[in-house]
Structures are given as C-alpha cells and as structure tokens.
Amino acid sequence: MRSTRTTEMSTGLFALLGFAALFFLVTQITNRELSVNGKSYEVEARFENIGSLKQGAAVSMAGVTIGRVQSIVFDQSVYKAVVRMKISAAYDRIPKDSDASVMTAGLLGGQYVGITAGGDEEYLKNGDRIEFVQDALVLENLINQLAASFG
C-alpha cells in the first residue's frame, strides 16, 4: 500500500515537472521582446507567397534576431502579402537595397524573415519598403514539381 502511494506521488511530481518545463519552453519561444529600450522603426516587404509565416515571427540578419513581424495583410490591388516588420533602432544601418526572404528554421521549425544586406550607402528608415524579396519555398510545391518531372 505504501509503495503504491509513493509511486503515485512520484508519477504526479514527474508529470508536474514536465508541464512546468513545457510552460518554460513556450514562454521562451514566444518571447516577443524587441529591445531593451523599446525604440524601433517599421519597414515592409511584399511577397507573393509567405508560406506559414506568422505575426510575431523573428526578423534576422546573419542569424541574429533584429526585429519581429508586426503584421501581415493581403493587398488586393497587387495580390501580394504585405509583411510589416518592426526592427530595433539599434540596427539602423541596414542598406536600402537589402533583400528579404521567408526562411524556415530547421526541418520542422517555424518560418522567419531573413534580411541579407545590400551595398547601398543609404539606409532603411521608418516606412521604407524592401523591394528585393524571395518568397517562401513550399514543400508541397517542390514535391509536386518533382513528381511532375518524373511523371
């Protein structure tokens, strides 16, 4: 009887620790803090396909998170997704001719916007648009193309 109660208590404790660890991971993954002082500026990019990019996704350069996706809307006049990004003011020297790509973090990871620096001497400022974009690679489309080439 005592051994059964000890087993039940340890199992319950193990489950509780598991939920606590899961909660901790979720709070770390969804951390949307942009910068210490909160100063930032907004830029936008227009994509034909954003895959499963979500509001709050990271915006990064060279693997360093420099901002977050602020909003995603569909522009019916040009049939493109308009992605507005909030970038920390600490990163105010991004060349105007930089390009933005929708990328995937790992095989099963979420999507984010990766910015590759251009060579312009003028820098992006609040309200600017990144003109050079690369759409998301959708796995289903690649599989369909592969199947069509063999079929």
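As a reminder, the structure under discussion sits directly above these lines.
A short tour of the structure in this document, coming up. Quantities reported herein were computed from a predicted structural model and do not represent experimental measurements. Residue numbers here run from 1 along each chain, matching the order of that chain's written sequence. Where local features are concerned, this predicted model is filtered to residues with pLDDT of at least 70; where side-chain atom pairs are given and counted, the filter is 80 or more; whole-chain, interface and lining totals use all residues. To obtain the side-chain values, all non-hydrogen atoms of the structure were used and water was disregarded.

A closer look at unusual backbone geometry
This is how the line gets drawn: Helix and strand assignments come from DSSP, with helices taken as H or I runs of at least 4 residues and strands as E runs of at least 2, each series counted from the N terminus. Accessibility here uses a 1.4 Å probe with only protein chains present; expressed as a share of the type maximum, an area under 20% marks a residue as buried, one over 50% as exposed, and anything in between as partly exposed.
One non-glycine residue, alanine 62, lies in the positive phi region at around 55°. You can see alanine 62 is positioned in the loop between β2 (58-61) and β3 (64-75). Given a relative accessible area of 83%, alanine 62 falls into the exposed group. Positive phi outside glycine occurs at tyrosine 79, with the angle close to 55°. Within the fold, tyrosine 79 resides in the loop between β3 and β4 (80-88).

Describing the pattern of salt bridges
Filter applied, for reference: Take a side-chain nitrogen of Lys or Arg and a carboxyl oxygen of Asp or Glu: if they are within 4 Å of each other, that pair is a salt bridge.
The tally for this structure, following the rule as stated, stands at six salt bridges. Two residues, arginine 46 and glutamate 44, come together in a salt bridge whose shortest N-O distance is 3.4 Å. The partner of arginine 46 in a salt bridge is aspartate 75, with the nearest N and O atoms 2.5 Å apart. Separated by 29 residues along the polypeptide, arginine 46 in strand β1 (residues 40-47) and aspartate 75 in strand β3 bring together distant segments of the chain. Accessibility expressed as a relative area gives 19% for aspartate 75, which makes it buried. By sharing partners, the salt bridges in this structure join Glu44, Arg46, Asp75, Arg84 and Arg129 into a single network.

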